[in-house]
Amino acid sequence: TLFEFDSSRSAQPFKLLTEFPFSSDPIGGIILANDGNLYGTTSSGGDFNHGTIYKVNLNSVSTTVEVIYSFNYPEASGPRSKLLQGSNGKFYGTTVSGGIAGHGTVFQFDPTIAVPTHAVIYDFKGNNGITYLDGSEPGQLIQGNDGQFYGNTKFGGRLGGASDGGGVIFRINQ
């Protein structure tokens, strides 16, 4: 469910905008993009039930959820964090599974072209038989002042006292 909250409407501050028309798990949050639309991810649903990128046009008469990309395993699956609109206007995000070794991806999405495209820009490789050296299950991305993207993973690294490590902090060039 997407809703609007306006504290100046004391009697009814919540206004229902729309509901998701499919089973989807929209747990990643939403962003207001430069084009004035809302964008977000769902961790399931879509054509292959591996998650979606969706758009909500706030300027239309009826506010509806439009699926603009469906994730498909093994390429990428299960986005669970909020998208980030980079300084170049493209969206970036992560998936907790999928990719070459199934340990998640960092992806880029360009909504400005006629058929929006998705590209994996990093595959988390998983383990070397002992630990997940580069991490596994990446979370939220941020873009630094240097233009690079930073994030962390739930598992990985050499420390943490367990074979899956305690997570890593990573940097990705756009």
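Quick notes on the rules
Residues numbered from 1 in each chain as written. Predicted model: local features only at pLDDT ≥ 70, side-chain atom pairs only at ≥ 80, totals over all residues. Heavy atoms only, no water. Core = buried A, V, L, I, M, F, W, Y, C linked by side-chain atoms within 4.5 Å. Buried < 20%, exposed > 50% of the residue type's maximum accessible area, 1.4 Å probe, protein only. Helix = DSSP H or I, 4+ residues; strand = E, 2+ residues; numbered from the N terminus. Contact = heavy atoms within 4.5 Å. Pairing = 2+ DSSP bridges. Patch = residues over 30% accessible without salt bridge, like charges linked within 9 Å, V, L, I, M, F, W, Y side chains within 5 Å. Areas by Shrake-Rupley, 256 points an atom, 1.4 Å probe, with all protein chains shown as cover. Salt bridge = Lys/Arg side-chain N within 4 Å of Asp/Glu carboxyl O. Axes fitted to C-alpha atoms, helices over the stretch in contact; angles between N-to-C directions.

Chemist: Describe the nonpolar core, with residues and values.
Modeler: By size, the foremost hydrophobic cluster in this structure holds 12 residues: Ile31, Ala33, Tyr39, Ile53, Ile68, Tyr69, Phe71, Ala76, Leu83, Phe91, Phe107 and Phe109. Of all the elements in the fold, those that place two or more residues in this core are β6 (65–70) and β9 (105–110). In this structure Phe71 touches Phe48, His50, Gly51, Thr52, Ile53, Ala76, Ser77, Pro79, Thr95, Phe107 and His118, once residues within four positions along its chain are discounted. With eight residues, the next largest nonpolar core counts Phe124, Leu141, Phe170 and Ile172 among its residues.

Chemist: I'd love a proper account of the sheet that holds strand β10 (residues 117–123), names of residues and values included.
Modeler: Spatial ordering of the open sheet is given by β7-β8-β9-β10, a layout of four strands whose pairing is antiparallel. Edge strands, defined here as strands with exactly one partner in the open sheet, are β7 (84–85) and β10. Where β9 meets β10, six bridges bridge the pair, whose relative direction is antiparallel. If you follow Gln108 over to β10, its bridge partner there is Ala119.

Chemist: Explain a nonpolar patch on the surface to me, and be specific about the residues and the numbers.
Modeler: A cluster of nonpolar residues, Phe3, Phe5 and Phe14, forms a patch on the protein surface that exposes about 370 Å² of accessible area. Here Phe5 lies in strand β1 (residues 2–5).

Chemist: Break down the sheet that holds strand β5 (residues 52–56) for me, with residues and values.
Modeler: Taken in spatial order, the four strands of this open sheet run β3-β4-β5-β6, and their pairing is antiparallel. In this open sheet, the two strands that pair with only one neighbour each are β3 (30–32) and β6. Between one strand and the next, the sheet's axes are offset by a mean angle of 25°, whatever the strand orientation. As paired elements, β5 and β6 share five bridges and run antiparallel to each other. If you follow Thr52 over to β6, its bridge partner there is Ser70.

Chemist: Now, about the pattern of salt bridges: what can you tell me, with residues and values included?
Modeler: Two side chains carrying opposite charge are able to pair once their charged atoms lie near each other. Within this structure, the stated rule accounts for one salt bridge. Between Glu4 and Arg9 there is a salt bridge whose closest N-O contact spans 3.1 Å.

Chemist: Explain the pairing of strand β4 (residues 38–42) residue by residue, including any values.
Modeler: Extensive coverage of β4 is indicated by the burial of five of its five residues. Of the two faces of β4, the one lined by Leu38, Gly40 and Thr42 and the one lined by Tyr39 and Thr41 are each fully buried. Where β3 and β4 come together, three bridges link them in antiparallel fashion. Residue pairing across strands places Ile31 opposite Tyr39, the latter belonging to β4. Connecting β3 to the next strand, β4, in antiparallel fashion are five residues, including Gly36 with a positive phi near 85°. Note: β4 against β5, five bridges, orientation antiparallel. Bridge assignment links Thr42 to a residue of β5, and that residue is Thr52.

Chemist: Please set out the environment of Leu141 residue by residue, giving values where relevant.
Modeler: Tracing the backbone shows Leu141 in the loop between β11 (136–138) and β12 (142–143). Residues Leu141 and Ile113, spaced 28 residues apart in sequence, show a C-alpha to C-alpha distance of 23 Å. Aside from chain neighbours lying at most four places away, what touches Leu141 is Leu84, Tyr92, Gly93, Thr94, Val106, Tyr150, Gly151 and Phe170.

Chemist: Can you tell me about the environment of Lys55, naming the residues and giving the values?
Modeler: You can see Lys55 is positioned in strand β5. When the C-alpha positions of Lys55 and Val67 are compared, they lie 6.4 Å apart, and in sequence the two are 12 residues distant. In contact with Lys55, not counting residues within four places along its chain, are Asn37, Leu38, Tyr39, Thr64, Val65, Glu66 and Ile68.

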